[in-house]
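# A look at the structure
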Amino acid sequence: MPHRALIERRPWLLASIVLAVAWVWLRGSTLPGLYLIVLKGAPLALLAVYAVLRHRGNDTRSLAGMLALEAVGSALWYDVPVIGLNAMLIAFLIGLSLFLMHRRAVMDGGRKVAALALTLGTPLLCFFAADRAGVGVPLFLGLALGGMAASAWISTFARSRVGLGAALIVAGVVLEIAASGGSALLAMVAWPLFYIGNLVLTTGVTGELRMRGEGF
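Here's a quick rundown of the structure. (Residues numbered from 1 in each chain as written. Predicted model: local features only at pLDDT ≥ 70, side-chain atom pairs only at ≥ 80, totals over all residues. Heavy atoms only, no water.)

Time to look at empty space enclosed by the protein. Summed over all chains, the structure comprises one cavity of 30 Å³ or more. Listing elements by their share of the lining of the largest cavity, those giving two or more residues are α7 (159–179) and α8 (184–212). Top element by residues in the lining of the largest cavity is α7. It accounts for three residues. For the lining of the largest cavity, the residue count by class is five nonpolar, two polar and two charged. (1 Å grid on protein atoms, 1.4 Å probe; cavity = no way out; pocket = protein on both sides within 12 Å on 5 of 7 lines; lining within 4 Å. Points joined across faces, edges and corners; volume = space filled by probe spheres on them. Helix = DSSP H or I, 4+ residues; strand = E, 2+ residues; numbered from the N terminus. Nonpolar A, V, L, I, M, F, W, Y, C, P; charged D, E, K, R; others polar.)

Quick look at the packing of helix α2 (residues 33–54) against α8 now. In contact at an axis separation of 10 Å, α2 and α8 are set at 5 degrees when each is read in the N-to-C sense. Looking at the two axes, α2 sits roughly parallel to α8. Here K40, P43, L44, L47, Y50, A51 and R54 of α2 come into contact with α8, specifically with W191, F194, Y195, N198, L199, T202, T203, T206, G207 and R210. A breakdown of the residues in the contact of α2 with α8 according to their chemical character gives nine nonpolar, five polar and three charged. (Axes fitted to C-alpha atoms, helices over the stretch in contact; angles between N-to-C directions. Parallel < 35°, antiparallel > 145°, perpendicular 65-115°, else oblique. Contact = heavy atoms within 4.5 Å.)

As a further point, take the nonpolar core. Grouped burial of nonpolar side chains is what soluble globular proteins tend to show. Core analysis: the largest hydrophobic core is formed by 53 residues, its most contacted members being F92, F99 and I169. Of all the secondary-structure elements, those providing two or more residues to this core are α1 (3–26), α2, α3 (58–76), α4 (81–100), α5 (109–133), α6 (139–153), α7 and α8. (Core = buried A, V, L, I, M, F, W, Y, C linked by side-chain atoms within 4.5 Å. Buried < 20%, exposed > 50% of the residue type's maximum accessible area, 1.4 Å probe, protein only.)

Next up on the list: α6. Its 15 residues place the ends of α6 21 Å apart at the C-alpha level, agreeing with the 21 Å of an ideal helix rising 1.5 Å per residue. Here α6 lies mainly inside the structure; twelve of its 15 residues are buried. Within α6, the full set of buried residues consists of L141, G142, A144, L145, G146, G147, M148, A149, A150, S151, A152 and W153. (Expected span 1.5 Å × (residues − 1).)

Helix-helix packing: each pair is described by the crossing angle between the helix axes and the interaxial distance. For the pair α5 and α7, interaxial distance at closest approach is 7 Å and the crossing angle is 15 degrees. With respect to each other, α5 and α7 are oriented roughly parallel. In this structure, α5 meets α7 at a crossing whose hand is left-handed. Contact residues: α5 offers R111, T122, L125, C126, A129, A130, R132 and A133, while α7 offers R159, V170, V174, I177 and A178. Residue classes in the contact of α5 with α7 are distributed as nine nonpolar, one polar and three charged. (Left-handed = near helix turned anticlockwise from the far one by under 90°.)

Residue position: H102 is located in the loop between α4 and α5. Using a relative accessible area of 10% as the deciding quantity, one classes H102 as buried. A distance of 2.8 Å separates polar atoms of two side chains, one belonging to H102 and the other to D59. (Polar contact = N/O pair within 3.5 Å; in protein donor to acceptor, adjacent residues only side chain to side chain.)

Once that is clear, we can look at the packing of aromatic side chains. In this structure the tally under the stated criterion is four aromatic pairs. For the pair F99 and F157, a centre-to-centre distance of 6.1 Å together with 85 degrees between the ring planes defines the contact as edge-to-face. Linking F99 in helix α4 with F157 in the loop between α6 and α7, this pair joins segments that are 58 residues apart in sequence. F157 carries the same exposure label as F99, and that label is buried. Ring centres 5.5 Å apart and planes at 65 degrees place the aromatic pair F127 and F128 in the edge-to-face group. Accessibility assignment for this pair places F127 and F128 in one class, exposed. Among the aromatic residues, those joined into a ring-pair cluster are W23, W191 and Y195. (Phe/Tyr/Trp six-rings, centres within 6.5 Å; stacked < 30°, edge-to-face > 60°.)

Right, let's talk about the layout of surface pockets for a bit. Empty space among the atoms becomes visible once a probe the size of a water molecule is rolled across them. Roughly 310 Å³ of internal volume is contained in the largest pocket. When grouped by side-chain class, the residues that make up the lining of the largest pocket number nine nonpolar, two polar and four charged.

Right under this line is the structure:
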C-alpha cells in the first residue's frame, strides 16, 4: 500500500479497533451514560470513514451508510429503542441492496441452502430471543438482517470474510436481543461479535473491490 494510503486510511481502522476495545473495557464503569453511548457508536462510525477512504465508489458509500446507521442503532439500542431499531433496520436494508447488486449468477447447492437458512432462520432466532428476554423486536428487523446476511453469503465476495462477517453480525444481534432481558453474560459477548462481524465484512468488501479495480 502506498505511504499516503497508509497515512489516510489505516489510522481510522486502528482507531476503530482501539475504541471498540475501550468500550468493552469501560462499559461497566462509572463513566457517564452519554459518553458510553458515544463510545459504543464510535467504532462503527470510524469503520464507515475507513471504508470510504479505503475504496471510493458507490458500493463503499453504501457500505459506509450501513455502518453509520449501525453505529446509531447500536448506540441507541437501549436508551432510545425506537430510533435505534429503525436505524438498524435501514442499515440492513442498505446492506441487502448492496450485496444483491453483487450476487452470483450461478450458485452451488450449499450456498442456496445456507442463504435459505439465513433468510428464514434469522427472524425466527430474533423472535425466540425476544420472547426469552420478554421484549418486543419488530419482525422486519429480523427479516432485513437475515436478508442482508443471505445476500452477503451468495454474493461474489469471499464467504471466508464477507459471508462470515455477515453471519457474525447476525449472531451479535440475536444475542443482543436476548441480552435485553438482563443477561450480563450475553451482553458481554453480543456487541464484540457484532463489531468483529462488521470489521471482517468491511475489510473484506473494500479489499476485494480494490483488487477488482472497481471505483478508485
